[in-house]
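Examining the three-dimensional arrangement
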Amino acid sequence: MKGTSGPENVSTKLQRIAELARHAPGMVLTTLAHNIDIDFLREAYRRTRKDGAAGVDGQTAADYAGNLEGNLGSLLERFKSGQYQAPPVRRVHIPKGDGAKTRPIGIPTFEDKVLQRAVTMVVEAVYEQDFLDCSYGFRPDRSAHQALQTLWEGMMEMRGGWVLEVDIQGFFDSLEHGQLRGFLDQRVRDGVVRRAIDKWLKAGVMEAGNVVHMEEGTPQGGVVSPVLANVYLHEVLDKWFQAEVKPRLEGRAFLIRYADDFVVVFSSEHDARRVMDVLPKRFGRYGLTLHPEKTRLVPFQRPSGGPSGGRGNSQSFELLGFTHHWAKSLEGRWIVRRKTAPSRFGRALRRVGDWCRVNRHLPIAIQQQRLSQKLRGHYGYFGITGNANALGRFLYEVTQVWRHWLDRRSQRAKMAWSRFEKLLVRYPLPPPVVVHGVYRRAAKP
């Protein structure tokens, strides 16, 4: 009888890998690459984004699809035989934060993305059985909003405490290859898979026609980078905190990590300061450095709610694009509220302004359609309970920016407000909407 093929076959293989890893948590897996066949690569191709920029070879997803079966067959043969050569990553720079600085972004070739996706699927199936509940970033069926919900519930149950807000300097550029290989040796030692990962680590980046080979860091922009980063911080932070730190604490504490962004919440200031003192040493052992100014201990106790209703000494902190602070609910109870962080608000507004400037001569209907898409995307992430004011302010600012650039379509006089209001009636922008209702449990009095 003919065996199954296609996505169902791939799903079955991934389930078998996961079951093996789950039932043998201490086992080193040495035979994984045999699961990657032509059906597996087809599924990896299906999961690979097709709208990204081209890499150093200039080949687009459409170009690759022109001879898909031949290309995938060749890729599989080169991968299994060890003849696959990982091309360098094309590096570009995009604005960071307030726009004054930039950060590098790597663009692999499309074929490289497909193979990285296939290897990631296998490695992920293994490590998803090992990763702890405290980590959320770039994991299947886990999201930033789930991390925010868990953080909110933990702080409400603990009634606040002390928040250790941590920033790792250049994490993806600082990850030590030797340490990463050592971590992978504990779980994944398949020669074909590990050879491919090594090639990606050594591939280097191309900028202005020059190729630079990095001695540390993960493949920039690579599909495989997030799972490798999670493996690294699983060993450096998550397991260490769970197994060695928590049992030594006097009070309660919990960790929330999304990729390299994380906070630790403590009920005891003494515990918080002890961990804050030892954390730089722990990270330093693995080649990582904490930002001295952005890493800080924040008092985050629930306010006493005296006559003035003030916050007392409680401060705010940022995580995942939100500023977290105490505020009164409609029932008069203190709850943890979230609002769009100023840096993320400004960055989003600048991007809208840049788009309006470049596209101000498009027909109004098209501009309205694109701006609506951008606003819905903004609401989709920042539309969280308690953040309605920031959403409304964002809509107002976007409206102002749109009018500003419409005024510059010609040398004529500026558009009167009455005329612009009529334009908005005909081409309305979507109103703010709360997408994520996060207050699932009533706040304790």
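All values reported here derive from a predicted model rather than from experimental measurement. (Residues numbered from 1 in each chain as written. Predicted model: local features only at pLDDT ≥ 70, side-chain atom pairs only at ≥ 80, totals over all residues. Heavy atoms only, no water.)

**As for the pattern of salt bridges**
- The tally for this structure, following the rule as stated, stands at 19 salt bridges.
- A salt bridge links Arg-296 to Glu-165, with the nearest nitrogen and oxygen atoms 2.9 Å apart. Within this pair, whereas Arg-296 is found in strand β8 (residues 296–301), its partner Glu-165 is found in strand β3 (residues 160–166), the two being separated by 131 residues in sequence.
- Taking relative accessible area as the criterion, Arg-296 reaches 31% and is therefore assigned partly exposed.
- Residue Glu-165 is classed as buried on the basis of its relative accessible area, which comes to 12%.
- A salt bridge links Asp-271 to Arg-274, with the nearest nitrogen and oxygen atoms 3.5 Å apart. You can see Asp-271 and its partner Arg-274 sitting in helix α11 (residues 269–284), three residues apart, about one turn around the helix.
- A residue is classified by how much of its surface remains accessible, and Arg-274, at 35% relative accessible area, is partly exposed.
- Within this structure, Asp-39, Arg-42 and Glu-69 form a network of salt bridges that share partners. (Salt bridge = Lys/Arg side-chain N within 4 Å of Asp/Glu carboxyl O. Helix = DSSP H or I, 4+ residues; strand = E, 2+ residues; numbered from the N terminus. Buried < 20%, exposed > 50% of the residue type's maximum accessible area, 1.4 Å probe, protein only.)

**Concerning the environment of Leu-151**
- Within the secondary structure layout, Leu-151 lies in helix α6 (residues 144–158).
- Classification of Leu-151 by relative accessible area gives buried; the value is 0%.
- A sequence separation of 146 residues divides Leu-151 from Leu-297, and the C-alpha atoms of the two residues are 16 Å apart.
- Once residues within four sequence positions are removed from consideration, Leu-151 is found in contact with Phe-254, Ile-256, Val-263, Val-265, Phe-317, Leu-319 and His-324. (Contact = heavy atoms within 4.5 Å.)

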